[in-house]
Amino acid sequence: MKKSEIQALLIVFGLLIGFCSYQFIFKKNQTELEQVERENEELKLTVNRLEGYEMQRGEYIEATKRMKEDGEAIIVNFAPGLLTEDVIMYLYGLELVDANDVVVPSVAMETGVERTYGGALTTQEGYELVDDGIRFYSAETTTNIVTTNSGLKNIIRYIYSYMPRKSVSEVSLTVLDNGYLSGTMLVDFYYMTGTEIPYQQVNIPAIVTGTDNIFGARTGNGQSLPDAENAEGAESTEDGEGAEDADGEGEESAD
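Predicted, not measured: the structure shown is a model, and the values here were computed from it. (Residues numbered from 1 in each chain as written. Predicted model: local features only at pLDDT ≥ 70, side-chain atom pairs only at ≥ 80, totals over all residues. Heavy atoms only, no water.)

## Some details on the environment of Met-109
- As for its position among the elements, Met-109 is in strand 2 (residues 107-109).
- Note on Met-109: relative accessible area 32%, which makes it partly exposed.
- On a C-alpha basis, the gap between Met-109 and Phe-189 in space is 9.6 Å, while along the polypeptide they are 80 residues apart.
- Once residues within four sequence positions are removed from consideration, Met-109 is found in contact with Leu-82, Leu-83, Thr-84, Val-87, Glu-140 and Thr-141. (Helix = DSSP H or I, 4+ residues; strand = E, 2+ residues; numbered from the N terminus. Buried < 20%, exposed > 50% of the residue type's maximum accessible area, 1.4 Å probe, protein only. Contact = heavy atoms within 4.5 Å.)

Structure, rendered in structure tokens:
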């Protein structure tokens with residue numbers, strides 16, 4: 001081969017070696033370097049964000065404390081559970097709101113329905129909200145009532161003034177011939193499960209026997225039903241009078 005050809009081949013080989021070095025060594029290292037630089041930038045942003053959190057740590061602690069207190073304040077407004085006797089005794093108390101002016105002839109209670117959270121489960125910072133196991137339910141109760149205008153106002157005040165939380169979703173009433181209001185009222189009972197508040201059984205007082213109205217409800221005409229002691233006293237008086245009459249008749253016959 002001529003000297004010029006050898007030089008041309010050497011130049012070609014040199015170019016190939018340079019190209020291969022660029023492709024497989026320099027370019028690869030450049031790509032890795034760019035990746036390292038991106039990771040460094042991300043780390044810098046993370047460090048800056050953490051330093052910002054550190055500077056605001058006191059504020060976050062106070063905000064978390066307030067949020068916990070607000071959550072606890074909400075939880076205590078709702079019952080930790082709901083049984084049939086809870087509804088019955090609540091309506092028993094409802095009849096005593098305005099003496100002789102509120103009667104609850106019947107009630108129909110639906111099964112509690114869970115009310116799920118429909119909002120976002122991710123914070124603005126990208127953190128996922130954790131399920132704490134607390135569930136929220138509502139139970140619709142159809143309550144038949146007989147009352148007066150004043151009694152109805154007291155019923156509404158009673159429902160919205162005392163905990164646990166309840167609400168009236170619908171009221172349908174008609175005026176009777178005697179001036180009383182009669183109809184239905186939908187009352188929603190709310191309760192939460194999974195909280196640290198234990199369920200406490202409702203206090204059920206002693207039930208008076210010997211009467212058709214075992215809950216001691218008032219009648220719709222403004223007259224109270226007699227209690228057991230009065231009823232027994234009346235029976236004893238009648239029995240005593242009957243016995244005295246019988247003794248008197250016996251003495252007259254003997255004479």
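## As for the packing of aromatic side chains
- Within this structure, the stated rule accounts for 6 aromatic pairs.
- Ring centres of Phe-78 and Phe-136 lie 5.2 Å apart, and the angle between their planes is 85 degrees; on these two criteria the pair is classed as edge-to-face. Taken as a pair, Phe-78 in the loop between helix 2 (57-75) and helix 3 (84-95) and Phe-136 in strand 4 (residues 135-147) lie far apart in primary sequence, 58 residues in all.
- Look at Phe-78 and you get buried, because its relative accessible area is 15%.
- The interplanar angle of 85 degrees and the centroid separation of 5.6 Å between the aromatic rings of Tyr-90 and Phe-189 together place this pair among those described as edge-to-face. In this pair, Tyr-90 sits in helix 3 while Phe-189 sits in strand 6 (residues 181-193), placing the two residues 99 residues apart along the sequence.
- Residue Tyr-90 is classed as buried on the basis of its relative accessible area of 11%.
- The buried category is assigned to Phe-189, whose relative accessible area is 3%. (Phe/Tyr/Trp six-rings, centres within 6.5 Å; stacked < 30°, edge-to-face > 60°.)

## Examining the confidence of the model for the protein
- Of the residues in the protein, 67% reach a pLDDT of 70 or more, and the chain-wide mean stands at 75.
- Note on residues 220-255: pLDDT is under 50 here. Beyond four places in sequence and across chains, it has 15 contacts. (pLDDT = per-residue confidence, 0-100.)

## With respect to the nonpolar core
- By size, the foremost hydrophobic cluster in this structure holds 21 residues, and its most contacted members are Leu-94, Ile-155, Ile-159 and Met-185.
- The dominant element in this core, judged by the number of residues it contributes, is strand 6, at 5 residues.
- Beyond its immediate stretch of four places on either side in the chain, Leu-94 contacts Val-102, Val-104, Ile-155, Tyr-158, Ile-159 and Met-185. (Core = buried A, V, L, I, M, F, W, Y, C linked by side-chain atoms within 4.5 Å.)

## Points about the pairing of strand 4
- Relative to strand 4, strand 1 (residues 102-103) runs antiparallel, the two being bridged by 2 bridges. What sits directly across from Val-102, in strand 4, is Thr-147.
- Pairing of strand 2 with strand 4, which is carried by 3 bridges, proceeds in the antiparallel orientation. Opposite Ala-108, over in strand 4, you have Thr-142 as the bridge partner.
- Judged from the 2 bridges that link them, strand 3 (residues 113-114) and strand 4 form a sheet pairing that is antiparallel. In the strand pairing of strand 4, Glu-114 is matched with Tyr-137.
- Pairing geometry for strand 4 and strand 6, over 13 bridges, is antiparallel. The residue of strand 6 that forms the bridge with Glu-140 is Asp-188. (Pairing = 2+ DSSP bridges.)

## Observations concerning the packing of helix 3 against helix 4 (residues 149-161)
- Helix 4 packs onto helix 3 with a crossing angle of 140 degrees between their chain directions and a minimal axis gap of 10 Å. On the basis of the axis angle, helix 3 is oblique to helix 4. In terms of crossing hand, the pair formed by helix 3 and helix 4 is right-handed. Contacts between helix 3 and helix 4 pair Tyr-90, Gly-93 and Leu-94 from the former with Ile-155, Tyr-158 and Ile-159 from the latter.
- Within the contact of helix 3 with helix 4, the residues separate by chemical class into 5 nonpolar, 1 polar and no charged. (Axes fitted to C-alpha atoms, helices over the stretch in contact; angles between N-to-C directions. Parallel < 35°, antiparallel > 145°, perpendicular 65-115°, else oblique. Left-handed = near helix turned anticlockwise from the far one by under 90°. Nonpolar A, V, L, I, M, F, W, Y, C, P; charged D, E, K, R; others polar.)

## Quick notes on the pairing of strand 6
- Note: strand 5 (residues 166-175) against strand 6, 9 bridges, orientation antiparallel. Residue pairing across strands places Val-175 opposite Leu-181, the latter belonging to strand 6.
- What sits between strand 5 and strand 6 in their antiparallel hairpin is a turn of 5 residues, with Gly-179 showing a positive phi close to 90 degrees.

## Structural notes on the pattern of salt bridges
- Following the criterion strictly, the structure yields 2 salt bridges and no others.
- Taking the shortest distance from any N to any O, the salt bridge between Arg-57 and Glu-54 comes out at 3.6 Å.
- On the basis of relative accessible area, Glu-54 is assigned to the partly exposed category, the value being 46%.
- We note a salt bridge from Arg-135 to Glu-114, for which the minimum N-O separation is 3.4 Å. Residue Arg-135 is found in strand 4, and its partner Glu-114 is found in strand 3; the two are separated by 21 residues along the sequence.
- Since its relative accessible area comes to 27%, Arg-135 is described here as partly exposed. (Salt bridge = Lys/Arg side-chain N within 4 Å of Asp/Glu carboxyl O.)

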